[in-house]
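Okay, here's what each chain looks like letter by letter:
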Amino acid sequence: MPPKGSSLAAQPLSLRRPVMSIAASAAQATSSAATVVPDVQRSNFLPRLFGQRHFLAGEAQIFDTMRLLSPADYHGGFWEFYEHAGEPLYLAPKSQNLFRISWHGNGYEGEVSADAVGIIATLFALSDLAITHQDPLLGDAFHRLYEFARGHAEAAEIGSAID
């Protein structure tokens with residue numbers, strides 16, 4: 001992955017080949033919990049995460065990715081928005097259920113929480129949009145979420161799903 005602040009055009013993101021796997025580095029991470037964005041701030045969340053030019057495409061891509069990841073268990077619904085240290089991080093379905101997921105790109109199959117599947121879907125969307133649009137804001141959002149995911153309770157599953 002390119003260093004923060006480097007040109008995405010010179011070093012495109014790839015979820016398929018991270019420099020250090022999330023699973024291998026989870027014990028070293030020092031992330032604290034993300035917090036749910038209050039209702040009064042929800043309207044600003046997507047433009048802050050994806051940028052003004054890409055927030056509609058970003059939201060649609062997350063929902064499309066979710067339908068591909070979990071066709072048996074995901075049928076739409078309300079999504080929570082999460083931030084950490086005042087920065088937007090990810091979206092996740094509001095659900096207590098586990099999601100059976102599989103990804104055709106790497107053969108991953110597993111079962112994860114709504115929080116973890118939201119991180120996975122958001123990472124895929126941010127990566128694809130960053131590569132397509134070469135927008136540093138999207139690359140920074142990807143890296144911020146990737147680093148946060150390293151400290152998640154389901155870091156090993158998240159890492160396997162996106163590898």
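Structure shown above.
Being a predicted model, the structure only gives us computed values, none of them experimental.

Caption draft 1: View of the environment of Ala34. Structurally, Ala34 is set in the loop between α1 (22-25) and β1 (35-36). Put simply, Ala34 and Tyr90 are 56 residues apart on the chain and 9.2 Å apart in space, counted from C-alpha to C-alpha. Setting aside chain neighbours within four positions, we find Ala34 in contact with Tyr82, Glu83, Leu89, Tyr90 and Phe148.

Caption draft 2: Inspection of the nonpolar core at higher detail. Membership of the largest hydrophobic core comes to 44 residues, with the highest contact counts inside it found for Leu69, Tyr90, Ile101 and Ile120. Every residue in contact with Leu69, bar those within four places of it in the chain, is listed here: Arg100, Ile101, Ser102, Trp103, Val117, Ile120, Ala121 and Phe124.

Caption draft 3: Molecular detail of the packing of aromatic side chains. Within the structure shown, the criterion is met by 7 aromatic pairs. Consider the rings of Tyr82 and Tyr90, whose centres lie 4.8 Å apart with planes at 15°: the pair is stacked. A single burial state applies to Tyr82 and to Tyr90, both of which are buried. Each member of the aromatic cluster is reached from another via a ring pair, and the members are Phe63, Tyr74 and Trp79. Positioned above the aromatic ring of Phe81, the side-chain terminus of Arg42 is 3.9 Å from the ring centre.

Caption draft 4: Structural view of helix α4 (residues 114-133). Its 20 residues give α4 an end-to-end C-alpha distance of 28 Å, which sits within 8% of 28 Å, the value for a rise of 1.5 Å per residue. Along α4, 15 of the 20 residues are buried, which leaves the element largely enclosed by surrounding structure. A positive phi of about 50° marks Gln134, the residue just after α4.

How each quantity is defined
Residues numbered from 1 in each chain as written. Predicted model: local features only at pLDDT ≥ 70, side-chain atom pairs only at ≥ 80, totals over all residues. Heavy atoms only, no water. Helix = DSSP H or I, 4+ residues; strand = E, 2+ residues; numbered from the N terminus. Contact = heavy atoms within 4.5 Å. Core = buried A, V, L, I, M, F, W, Y, C linked by side-chain atoms within 4.5 Å. Buried < 20%, exposed > 50% of the residue type's maximum accessible area, 1.4 Å probe, protein only. Phe/Tyr/Trp six-rings, centres within 6.5 Å; stacked < 30°, edge-to-face > 60°. Lys NZ or Arg CZ within 6 Å of the ring centre and 35° of its normal. Expected span 1.5 Å × (residues − 1).

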